[in-house]
Amino acid sequence: MKIRFEERKDLKEKPTGNLGFGKYQTDYMFVMDYDEGQGWHDARIVPYGPIEFDPASMVLHYAQETFEGMKAYKAKDGRILLFRPEMNARRFINSNKRLSMPIIEEDDFVQAVEEIVRVEKDWIPTGEGESLYIRPYMFATEKAIGVHPSHSYKFIIICSPVGAYYPEGVNPVKIYVEDEFVRATVGGTGFTKCGGNYAGSLAAQVKAEALGYTQVLWLDGVERKYVEEVGSMNVMFEINDTIITAPTEGTVLPGVTRDSILHILRDWGYKVEERHLAIDDLMKAGHDGILQEAWGTGTAAVISPIGELYYKGDVVQINDFKTGALTQKIYDTLTGIQWGDLEDTYGWTHEIK
């Protein structure tokens with residue numbers, strides 16, 4: 001793929017201090033256009049700035065939009081590393097197929113990510129736990145007020161230097177089990193990364209926060225019985241020395257972090273079960289003292305320990321509301337591989353030269 005470069009006259013001043021998450025954007029962005037009959041064309045890296053498109057663009061009315069989330073890391077020896085970018089490319093393809101949007105081939109997706117990171121390498125922060133967050137996304141641009149797949153699209157990648165998700169360490173959070181709203185059902189878009197999934201989850205998030213809880217644990221959309229995801233993360237439970245997580249059968253996002261952790265746990269000799277877990281059984285395990293640890297997994301936080309569950313007035317505290325030894329070990333191991341501090345025996349890191 002040929003990518004042209006448009007130089008920016010004045011570069012931004014790079015932020016210092018607490019970077020937060022998603023507060024700052026880099027100097028450039030990758031842009032590519034799609035038109036039916038022509039395919040993808042005009043791949044370019046241009047100065048970061050506003051996008052002009054028609055008020056009748058279909059994305060604003062019918063929500064044809066998908067995105068990905070990934071990071072670039074700067075190792076202590078200066079290497080610039082991505083983490084399993086081919087998995088993001090494959091998931092992006094699956095998301096776009098589900099929303100009747102054009103696909104971007106895996107090699108082209110990875111090349112685009114490599115090129116924008118290569119241009120913005122000086123934006124990769126080097127503080128403890130810091131990285132460059134990468135947001136590839138696609139949306140419909142056809143000017144049409146009519147429900148049909150768009151005939152034109154834009155694919156864009158923007159980057160943001162981000163700080164450690166947990167500047168004070170990996171600490172447990174309180175989780176509210178949602179029993180009114182649902183996130184996804186079989187046959188829907190639960191396995192995709194599309195904006196509608198996240199917009200539809202906000203009402204439950206607001207409710208949980210009003211009750212003093214950090215995030216929502218979602219139940220299945222049919223029986224409201226089986227646990228699926230926590231917030232926008234995959235979730236895992238250690239019960240009687242067995243790790244249990246929901247299967248990816250169409251309602252659960254196939255997370256890159258999830259897949260990586262399951263590989264590591266199995267290599268460590270843990271019994272891992274990808275199966276449906278009833279919320280009643282989970283709460284009972286908590287009361288019986290056999291729910292040892294629980295955590296959410298995702299690109300942004302990597303690991304988010306769960307210290308408390310609230311379900312219909314019933315409260316279970318996990319591991320005395322402390323980060324468990326296994327949770328911490330997983331976090332240290334995975335981040336060690338991602339930042340290049342530990343040997344990557346899996347071939348997951350992808351160096352940009």
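Preceding this section is the structure that the text describes.
Keep in mind it's a predicted model, so treat the numbers as computed, not measured.

What counts, and at which threshold
- Residues numbered from 1 in each chain as written.
- Predicted model: local features only at pLDDT ≥ 70, side-chain atom pairs only at ≥ 80, totals over all residues.
- Heavy atoms only, no water.
- Axes fitted to C-alpha atoms, helices over the stretch in contact; angles between N-to-C directions.
- Helix = DSSP H or I, 4+ residues; strand = E, 2+ residues; numbered from the N terminus.
- Parallel < 35°, antiparallel > 145°, perpendicular 65-115°, else oblique.
- Left-handed = near helix turned anticlockwise from the far one by under 90°.
- Contact = heavy atoms within 4.5 Å.
- Nonpolar A, V, L, I, M, F, W, Y, C, P; charged D, E, K, R; others polar.
- Phe/Tyr/Trp six-rings, centres within 6.5 Å; stacked < 30°, edge-to-face > 60°.
- Buried < 20%, exposed > 50% of the residue type's maximum accessible area, 1.4 Å probe, protein only.
- Lys NZ or Arg CZ within 6 Å of the ring centre and 35° of its normal.
- Patch = residues over 30% accessible without salt bridge, like charges linked within 9 Å, V, L, I, M, F, W, Y side chains within 5 Å.
- Areas by Shrake-Rupley, 256 points an atom, 1.4 Å probe, with all protein chains shown as cover.
- Salt bridge = Lys/Arg side-chain N within 4 Å of Asp/Glu carboxyl O.
- Pairing = 2+ DSSP bridges.

A. Here's a closer look at the packing of helix α2 (residues 85–98) against helix α3 (residues 106–119). The N-to-C vectors of α2 and α3 enclose an angle of 125°; their axes lie 9 Å apart at closest approach. When the axis of α2 is compared with that of α3, the two are oblique. Our pair here, α2 against α3, has a crossing hand that is right-handed. Here P85, E86, N88, A89, R90, F92 and I93 of α2 come into contact with α3, specifically with E106, F109 and V110. The residue makeup of the contact of α2 with α3, split by class, is six nonpolar, one polar and three charged.

B. How the structure looks around the packing of aromatic side chains. Applying the stated criterion across every chain, the model contains 18 aromatic pairs. Consider the rings of Y73 and W339, whose centres lie 4.7 Å apart with planes at 70°: the pair is edge-to-face. In this pair, Y73 is assigned in strand β5 (residues 70–74) and W339 in the loop between α8 (325–338) and β18 (349–352), connecting sequence segments 266 residues apart. Neither Y73 nor W339 differs from the other in exposure class; each is buried. Judged by centre distance (6.3 Å) and plane angle (50°), the ring pair of Y176 and Y213 falls under tilted. With Y176 in strand β9 (residues 173–177) and Y213 in the loop between α5 (202–210) and β10 (215–219), this residue pair connects regions lying 37 residues apart in the sequence. As far as burial versus exposure is concerned, Y176 and Y213 are alike and both buried. One residue, K174, lies across the ring of Y213, its end atom 4.8 Å from the ring centre.

C. Quick look at a nonpolar patch on the surface. Together, I51, F53 and L60 make up a nonpolar patch on the protein surface, roughly 240 Å² of accessible area in all. With respect to the element layout, L60 can be found in helix α1 (residues 59–62).

D. Structural detail: the environment of I45. Inspection of the secondary structure assignment puts I45 in strand β3 (residues 39–47). Since its relative accessible area comes to 2%, I45 is described here as buried. Note: C-alpha distance between I45 and A325 (280 residues apart in sequence) is 44 Å. Apart from residues no more than four positions distant in its own chain, I45 is found in contact with I3, R4, F5, E6, Y28, M29, F30, E115, I116 and V119.

E. Region of interest: the pairing of strand β15 (residues 291–298). For β15, the tally of buried residues reaches seven of eight residues, placing the bulk of the element in the interior. Bridge count between strand β12 (residues 233–239) and β15: six bridges; the pairing is antiparallel. Looking at β15, one finds that V235 is bridged to G296. Relative to strand β16 (residues 302–311), β15 is paired through four bridges, and the arrangement is antiparallel. By the bridge assignment, G296 is partnered in β16 with S304. Joining the antiparallel neighbours β15 and β16 is a turn of three residues.

F. Structural view of the packing of helix α6 (residues 256–267) against α8. Remark: α6 packs on α8, axes separated minimally by 11 Å, with the N-to-C direction vectors making an angle of 110°. One element, α6, and the other, α8, form an angle in the roughly perpendicular class. Once α6 is placed against α8, the crossing between them reads as right-handed. When α6 is examined against α8, the residues T257, S260, I261, I264 and L265 are found in contact with a partner set consisting of L326, I330, T333 and L334. Its residues assigned to classes, the contact of α6 with α8 shows six nonpolar, three polar and no charged.

G. Local environment of the pattern of salt bridges. All told, the structure shown has 19 salt bridges when counted by the stated rule. Note that R84 and D259 form a salt bridge whose closest N and O atoms lie 2.9 Å from each other. Here R84 is found in the loop between β6 (80–83) and α2, whereas its partner D259 is found in helix α6, with 175 residues between them in sequence. Between K271 and E273 there is a salt bridge, and its shortest N-O distance comes to 3.3 Å.

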